[in-house]
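Residue-level listing of the chains:
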Amino acid sequence: MDPAMHPSDDHLRVSDAEREQVVEVLGQATAEGRLTLDEYAERATEAHNAKTRGELVRLTADLPASSSGALPGAGGAGPVVPRSPGGLPVVGGGALAPVERMVAIFGDEVRKGHWLVPDRVEARAVFGDCKIELQDAQIQHQVTTIEATAIFGSVTVYVPEGVDVRMTGTAVFGDKKSKLTSVPRPGAPVIQVVCNVIFGSVVVRPPKRKWW
């Protein structure tokens, strides 16, 4: 057993990064057919509300570590230790850079108006809707990655005209599509939308029209 996941650590408080990584493990298990959609929704909600490592371990204890890529825990996959792109653990279990996180579980989550967009945005909609409006936001980086997960829900991204949007990922019994018609301008910021869709949708649209 890895020392980082020793049972005596079960009482330790968890970070947002650990919660999100467990949700990713659950999503992968759902895509593989190991969990039903109802089980995913229930466990994902519990993961976002978890306070200790022990609570997260319980949510993944019946999942094989080989399928999730997680470190072994108490009887199963257990929470993943946050790691950098190079594979090294992140000191303190935190994120490498600011991340905008949006979670809509049986509800709606909207980010709009004037806001600073970090280089990574995570949007998860489980029986809910996430809306990300970038037309009035300040895009700070040449490449911005939006990780969009929609399980019986939807993620909609509104982008300014001329922005270069690239969509990747998978959609199982769902949609991932762009409704943009404008041609990206030379040197425009790149919005990379990475989709994980199960019975849901991820859609990129032009800015909403303003009626005066």
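This one's a predicted model, so the numbers in the text were calculated from it and none came from an experiment.

S.K.: Can you help me understand the sheet that holds strand 8 (residues 154–158) in this one?
M.R.: Working definition: the strands of a sheet are paired by backbone hydrogen bonds and lie parallel or antiparallel to each other. Taken in spatial order, the five strands of this open sheet run 2-5-8-12-10, and their pairing is parallel. Of all strands in the sheet, those bounded by a partner on one side alone are strand 2 (108–111) and strand 10 (175–178). Put simply, the sheet's adjacent strands are angled 10° from each other on average, direction ignored. As defined by bridge partners, strand 2 adjoins strand 5 (residues 129–133) across four bridges and the pair is classed as parallel. Each residue of the ladder has a partner; that of E109, found in strand 5, is C130.

S.K.: Help me understand the environment of V202 in this model?
M.R.: You can see V202 is positioned in strand 12 (residues 201–205). Judged by its relative accessible area of 0%, V202 is buried. Placed 45 residues apart in sequence, V202 and V157 show a C-alpha to C-alpha distance of 7.9 Å. Dropping the residues within four chain positions of it, V202 is found in contact with A148, A150, V155, M167, D175, K176, K177, V193, C195 and V197.

S.K.: Sorry if this is basic, but what is going on with the sheet that holds strand 4 (residues 120–126) here?
M.R.: Taken in spatial order, the five strands line up as 1-4-7-11-9 in an open sheet, and their pairing is parallel. Two strands bound the open sheet, and with one partner strand each, they are strand 1 (100–105) and strand 9 (164–172). The sheet shows a mean angle of 10° between the axes of neighbouring strands, direction not considered. Judged from the nine bridges that link them, strand 7 (residues 143–151) and strand 11 (residues 190–198) form a sheet pairing that is parallel. The partner of V143 across the bridge, within strand 11, is V190. In this fold helix 2 (residues 37–49) packs onto strand 1, strand 4, strand 7 and strand 11, with an angle of close to 130° to the strand it touches most, strand 1.

About the thresholds
- Residues numbered from 1 in each chain as written.
- Predicted model: local features only at pLDDT ≥ 70, side-chain atom pairs only at ≥ 80, totals over all residues.
- Heavy atoms only, no water.
- Pairing = 2+ DSSP bridges.
- Helix = DSSP H or I, 4+ residues; strand = E, 2+ residues; numbered from the N terminus.
- Axes fitted to C-alpha atoms, helices over the stretch in contact; angles between N-to-C directions.
- Buried < 20%, exposed > 50% of the residue type's maximum accessible area, 1.4 Å probe, protein only.
- Contact = heavy atoms within 4.5 Å.

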